[in-house]
Amino acid sequence: MNISKSEQIIIKGISGSPGICIGKAYIVDKEGVNITKRYPVSDVQVSKEIDRFKQAVSKAKNDHAKVINSLDKDLGENLNILETHMVLFKDKMLYGKTIETISNDKINAEWALRKVSRKVKAIFQQIDDIYLQARANDIVQVSDKIMSYLVGAQDIKISDINKRVIIVAHDLSPADASQIQLERVKGFVTDRGGKDSHTSIIAKALRIPSVLGLGFAMISVENDDILIVDGSSGTLIINPDEDTLFEYEERMVRFEEYRAGLERESHLPAITKDGISLNLMANIELVEEVVAAKDYGAVGIGLFRTEFLYLDLKRFPTEDELLCKYKELVELMNPQSVTIRTLDINGDKVNPYLTTIEEANPALGLRAVRFCLENEDIFITQLKAIFRAAAFGNIKLLIPMISCVEEIIQVKQIMNKAILELEHEDKIFNGDIPLGVMIEVPSAVMIAEHLADHVDFFSIGTNDLIQYSMAIDRSNSQVAHLYQALNPAILKMIKMTYDAAKKKGVDLVMCGEMAGDPMNIPVLVGMGLTDFSMNSISIPVVKRMIRDLDTKKARKSVEKIMTLKCSQEISDFIIEEYRDILPFGETDE
Ligand code: PEP
Ligand code: MG
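All values derive from a computational prediction rather than experimental measurement. (Residues numbered from 1 in each chain as written. Chains lettered and ligands numbered in written order. Predicted model: local features only at pLDDT ≥ 70, side-chain atom pairs only at ≥ 80, totals over all residues. Heavy atoms only, no water.)

1. A look at unusual backbone geometry
To keep things clear, this is the line we draw: Segments assigned H or I by DSSP are reported as helices when at least four residues long, segments assigned E as strands when at least two residues long, and all are numbered from the N terminus.
A cis amide bond links N334 to the next residue, P335, at an omega of 5 degrees. Here P335 lies in the loop between α12 (319-333) and β11 (338-341).

2. Regarding the confidence of the model for the protein
Applied cut-off: pLDDT is a residue-level measure of predictor confidence that goes from 0 to 100. Two residues form a contact once any of their heavy atoms are found within 4.5 Å.
Summing up the model confidence of the protein, the mean pLDDT is 88 and the portion of residues at 70 or higher is 90%. In this model, residues 1-5 is a region of pLDDT below 50 whose contacts with residues beyond four sequence positions or in other chains number eight contacts.

3. What about the coordination of the magnesium ion (ligand 2)?
By definition of the ideal shapes, a tetrahedral metal site with four donors has angles of 109.5 degrees and an octahedral site with six donors has angles of 90 or 180 degrees. Quick reminder of the rule: Note that water is not among the atoms considered, so a metal site may appear incomplete; the donors listed are N, O and S atoms within 2.8 Å of the metal, with 3.2 Å applied to Na, K and Ca. Accessible area is worked out with a 1.4 Å probe on protein chains only. A residue is then buried under 20% of its type maximum, exposed over 50%, and partly exposed in between.
At 2.0 to 2.1 Å from the magnesium ion (ligand 2) lie its protein donor atoms, namely E440 (OE) and D464 (OD). Taken as a pair, E440 in the loop between β13 (435-439) and α16 (442-446) and D464 in helix α18 (residues 462-470) lie far apart in primary sequence, 24 residues in all. D464 shares its class with E440; the two are buried.

4. Thoughts on the pairing of strand β16 (residues 531-535)
How we decide: A pair of strands is treated as paired once DSSP finds two or more bridges between them.
Counted residue by residue, β16 has four buried out of five residues, so it is predominantly covered. In this sheet, β16 lies alongside strand β9 (residues 279-284) in parallel orientation, the contact comprising five bridges. Bridge assignment links M281 to a residue of β16, and that residue is S533.

5. Let's talk about empty space enclosed by the protein
Quick reminder of the rule: Here the term cavity refers to a set of points on a 1 Å grid, laid over the protein atoms alone, in which a 1.4 Å probe fits but cannot get out; the term pocket refers to an open set having protein on both sides within 12 Å along at least five of seven lines, with lining residues being those that place an atom within 4 Å of a point. Grid points are joined across faces, edges and corners, and a volume is the space filled by probe spheres set on the points. Ten residues, namely Ala, Val, Leu, Ile, Met, Phe, Trp, Tyr, Cys and Pro, are considered nonpolar, four, namely Asp, Glu, Lys and Arg, are considered charged, and the remaining ones, Gly among them, are considered polar.
For the coordinates displayed, the defined rule picks out two cavities of 30 Å³ or more. Of all the secondary structure elements, the ones that give two or more residues to the lining of the largest cavity are β10 (301-305) and α18. Residues that form the lining of the largest cavity fall into these classes: three nonpolar, five polar and eight charged. What the second largest cavity holds in volume is close to 30 Å³. Ranked by residue count, the leading element in the lining of the second largest cavity is helix α19 (residues 488-504), at three residues. Of the residues assigned to the lining of the second largest cavity, the class counts are six nonpolar, no polar and one charged.

6. Looking at the environment of I466
Of note, I466 is situated in helix α18. Residues I466 and G512, spaced 46 residues apart in sequence, show a C-alpha to C-alpha distance of 9.6 Å. If we skip the residues at most four places from it in the chain, I466 touches A471, I472, Y483, Q484, A485 and I490.

7. Thoughts on the sheet that holds strand β6 (residues 210-212)
Worth spelling out the cut-off: Here the axes come from fitting lines to C-alpha atoms, over the contacting stretch only for helices, and the angles between their N-to-C directions go from 0 to 180 degrees.
The eight strands are arranged β1-β8-β7-β3-β4-β5-β6-β2 in an open sheet whose pairing can be described as mixed. Both edges of this open sheet fall to β1 (9-12) and β2 (14-17), since each of them pairs with a single strand only. The average undirected angle you get between the axes of adjacent strands in this sheet is 30 degrees. The strands that helix α7 (residues 198-206) touches are β2, β5 (185-190) and β6; relative to β2, the one it contacts most, it runs at about 50 degrees. Strands in contact with helix α9 (residues 242-264) are β3 (20-28), β7 (226-230) and β8 (235-238); relative to β3, the strand with the most contacts, it is inclined by about 115 degrees.

Below you can see the structure in the form of structure tokens.
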């Protein structure tokens, strides 16, 4: 594509978080290094390429040594990993082979390095040994470091950005997104990413507009280009013309006014038109989000995603560090409840310092409770911190990704061990807190009645339930059209979970992003759900929808909806029936 820079370009992506921002582009090259193959024609050029490679290695190695020297020597295992990387910079398989490839194939250093590192990675991965497979990961990380020096790409730290800009990146991991400094970054756009991915959840929590899954924003944007990010419709406009700029400036003002109006009402109770009282709680990732959750009218924290504290560190946090955070959170929320979900690491929430496993299908791998059951010491540390914090407030304990009864039985055994340790250590704690499981895997829906025998509550996690039921990766823009909360299959599973909870007398809450979309409220309330937890930013708009809703009408709608055959029919029906109360933008399409 050859585009003159002054030309306005409009690219459609996926809405990551609502709102509009206008500002200058700031490109952050994460994973998106563009490498081309070149053939040096003379021997002199070949030796220049070898010199370039050697210089890049030596710069990367020096910087790596500085990082190691600056770190705390108590990092144990994690320091070992970094020291292993130090050796790999000059490893024969990577260093020697790249030089050999430049000179034998007469190709540029970047291309040779990529060729060699891919080969080494493939060899390691074929070996049936988890330790050696993890080394493949180390090699990729070391070669990425060398590569960034070769191509001159700066390894920009998101937290260091100090201008009011819009970030443009090939991809941002949830951990990257959580580093964004609000006072500096107006919004962000990425080539990759899908609806309800963890990156979009973080963007909503930060309350900045974002568009994901743009496909080719990185190659279409240059630093300092003027961008319009319309996070509500999932649109990026590069170098807008005057008319467009004017139109979006007006739209931005209207959207902010609309949002301010909603927020002014956020303290009002979530009571339907016919007087049914519902509970709206907040999903948070960091303790710092509590203030916003309260401002938006949350009546508790329905989901605390504890993994972000781990993702931001280069080692596992200690029991006391966790206690300090949990205690602060429950004390801030007291007497309202805080549901603490145990570590849901891996899948798309990885930190190379914490886990080195390389999996072909991470979403189906050693994620969440599976990781905790394999790493009992890490799990016990977290459970002890939670029980200790429970002595200071109202905590519920939630276990993610449960897919069979054995897992919850094992979890309970480990909980008992944690309690015994605390008793033995004579610590103040409360081990008698409600226990719940996330219902986010189809098998959990099918065995919900059996799971109910072991727990006090269910929390339906629609983000993963949709991902695993529809077989679509929630961070993959290519299949985002299949991410359908209103698919009849998903609605049937929610109904089954509701019926199982009712029959067995366990509490039920929904904490997936589905609950934060006003379009879905008639069907959820109509089915009988009363407790919801969502991104704080969605609470005011969902509250307004609830206040305008009549539950008798919603129950009738559900009867009809459950006979419809596809998500389009269902959303058309909801728009038709609820047009007069659906908020801003929901009926535009
Ligand atoms: C979910 O899966 O719906 C959920 C709430 O958990 P997470 O988004 O953290 O996977
Ligand atoms: Mg989940």
